[in-house]
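Structure at a glance
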Amino acid sequence: DAGITQSPRHKVTETGTPVTLRCHQTENHRYMYWYRQDPGHGLRLIHYSYGVKDTDKGEVSDGYSVSRSKTEDFLLTLESATSSQTSVYFCAISELTGTDTQYFGPGTRLTVL
Amino acid sequence: EDQVTQSPEALRLQEGESSSLNCSYTVSGLRGLFWYRQDPGKGPEFLFTLYSAGEEKEKERLKATLTKKESFLHITAPKPEDSATYLCAARGGSQGNLIFGKGTKLSVKP
């Protein structure tokens, strides 16, 4: 298994509360991604990073921000959580871009009440 | 619009009953077609990447094929442990990001 951990694995929070999810990798891969997975939808890209301090938006980036200060860590922040952000969040990594394979972490289940 | 569609949404098979899962895609400039397996409560696990029409890859009871419009995941003589959701994703489009289908949930009964 690719060396990817996500924390926390489960979180329940209240509307309006800030939340930060962490993805940590031990593979030294350049690219890191945050996805969300909801019933009735495929995995959808939120943000991705192509290097330390280099990030870009994905398909569903509104309400989310990211930061990457070290190669191994990629943080996803919900500044003010809403119920529509209740989801399962997956981190993925890849060594290169273009045709390269993405490997996924175990996921974080977030519930916003 | 770039899109990936998987069918059927759910498939129930008896152990040993071979079948195929379909993934049709409309993605400009395809740069890879990916298959993943996802077990409940876990992250997607990589299975195959296909890059060009006519390409085939195999792993145990699974074989993936690719045409210019679709990909198939053939499952030969499935076992209950093959039960999972199978995800298809295409890389392409203007940004080159992965576009996922909604998945096919496979159940194999003994």
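This text follows the structure it describes.
Let me sum up the structure you'll find in this document.

**Observations concerning the interface of chain A and chain B**
Contacts between the two partners involve 21 residues from chain A, matched on the other side by 19 residues from chain B. Run the count over chain A and chain B and you get zero salt bridges. The interface formed by chain A and chain B holds five residue pairs in polar contact (both at pLDDT 80 or more) in total. Those elements giving two or more residues to the side of chain A that touches chain B turn out to be β4 (31-37), β5 (44-51) and β10 (103-104) of chain A.

**Some remarks on the sheet that holds strand β6 (residues 56-59) of chain B**
Residues and elements named next belong to chain B. Sheet architecture is open: five strands sit in the order β1-β3-β8-β7-β6, paired in antiparallel fashion. Two strands close off the open sheet at either side, each with one partner strand: β1 (3-7) and β6. Across the sheet, the axes of successive neighbouring strands diverge by a mean angle of 15 degrees, strand direction being ignored. When β6 meets strand β7 (residues 62-66), the two strands line up antiparallel, connected through four bridges. Each bridged residue has a counterpart across the sheet, and for E58 the counterpart in β7 is K63.

**Here's the deal with the nonpolar core**
Residues and elements named next belong to chain B. Counting residues in each nonpolar core, the largest one holds 23 residues, and the members touching the most others are L33, W35, L73 and Y86. Those elements that place two or more of their residues in this core are β2 (10-14), β3 (19-26), β4 (33-38), β5 (45-50), β7, β8 (70-75), β9 (84-91) and β11 (104-109). Per-element accounting of this core gives the leading share, four residues, to β9. Once residues within four sequence positions are removed from consideration, L73 is found in contact with S19, S20, L21, W35, F48, L62, K63, A64 and Y86.

**Here we look at the state of the cysteines**
Within the structure shown, the criterion is met by two disulfides over all chains. A sulfur-sulfur separation of 1.9 Å characterises the disulfide bridge that pairs C23 of chain A with C91 of chain A. Between C23 of chain A and C91 of chain A, the disulfide has an S-S torsion of -70 degrees and is therefore left-handed. Separated by 68 residues along the polypeptide, C23 of chain A in strand β3 (residues 19-25) and C91 of chain A in strand β9 (residues 87-94) bring together distant segments of the chain. Assigned by exposure class, C23 of chain A and C91 of chain A land together as buried. Each sulfur in the disulfide pair C23 of chain B and C88 of chain B lies 1.9 Å from the other. What sets the handedness of the C23 of chain B and C88 of chain B disulfide is the S-S torsion sign, and at about -60 degrees it is left-handed. Here C88 of chain B lies in strand β9 and C23 of chain B lies in strand β3, a separation of 65 residues in the sequence.

**Some details on the layout of surface pockets**
Size it by volume and the largest pocket reaches roughly 1200 Å³. Surrounding the largest pocket, 50 residues form its lining, D38, H41, G42 and L43 of chain A together with G101 of chain B being those nearest its centre. Elements that contribute at least two residues to the lining of the largest pocket include exactly β5, β9 and β11 (108-112) of chain A together with β1, β9 and β10 (98-100) of chain B.

**Here we look at the pairing of β7 of chain B**
Residue and element names in this part refer to chain B. Among the five residues in β7, four count as buried, and that is most of the element. Turn length for the β6-β7 hairpin, with the two strands adjacent in sequence and antiparallel, is two residues, and the turn residue E60 shows positive phi of about 55 degrees. Here β7 pairs with β8 via five bridges, running antiparallel. The residue bridging L62 from the neighbouring strand is I75, located in β8. Here β7 folds back onto β8 in antiparallel fashion, the turn holding three residues.

**A closer look at unusual backbone geometry**
The linkage connecting S7 of chain A with the following residue, P8 of chain A, adopts the cis geometry, with an omega of -10 degrees. Among the structural elements, P8 of chain A can be located in the loop between β1 (4-7) and β2 (10-13). Omega for the bond connecting S7 of chain B with P8 of chain B falls within 30 degrees of zero, at -10 degrees, which places this linkage in the cis form. Summarising the element assignment, P8 of chain B is placed in the loop between β1 and β2. For K53 of chain A, which is not glycine, the phi dihedral falls at a positive 70 degrees. Mapping K53 of chain A onto the fold places it in the loop between β5 and β6 (54-57).

Rules used in this analysis
- Residues numbered from 1 in each chain as written.
- Chains lettered and ligands numbered in written order.
- Predicted model: local features only at pLDDT ≥ 70, side-chain atom pairs only at ≥ 80, totals over all residues.
- Heavy atoms only, no water.
- Contact = heavy atoms within 4.5 Å.
- Salt bridge = Lys/Arg side-chain N within 4 Å of Asp/Glu carboxyl O.
- Polar contact = N/O pair within 3.5 Å; in protein donor to acceptor, adjacent residues only side chain to side chain.
- Helix = DSSP H or I, 4+ residues; strand = E, 2+ residues; numbered from the N terminus.
- Pairing = 2+ DSSP bridges.
- Axes fitted to C-alpha atoms, helices over the stretch in contact; angles between N-to-C directions.
- Core = buried A, V, L, I, M, F, W, Y, C linked by side-chain atoms within 4.5 Å.
- Buried < 20%, exposed > 50% of the residue type's maximum accessible area, 1.4 Å probe, protein only.
- Disulfide = S-S within 2.5 Å.
- 1 Å grid on protein atoms, 1.4 Å probe; cavity = no way out; pocket = protein on both sides within 12 Å on 5 of 7 lines; lining within 4 Å.
- Points joined across faces, edges and corners; volume = space filled by probe spheres on them.

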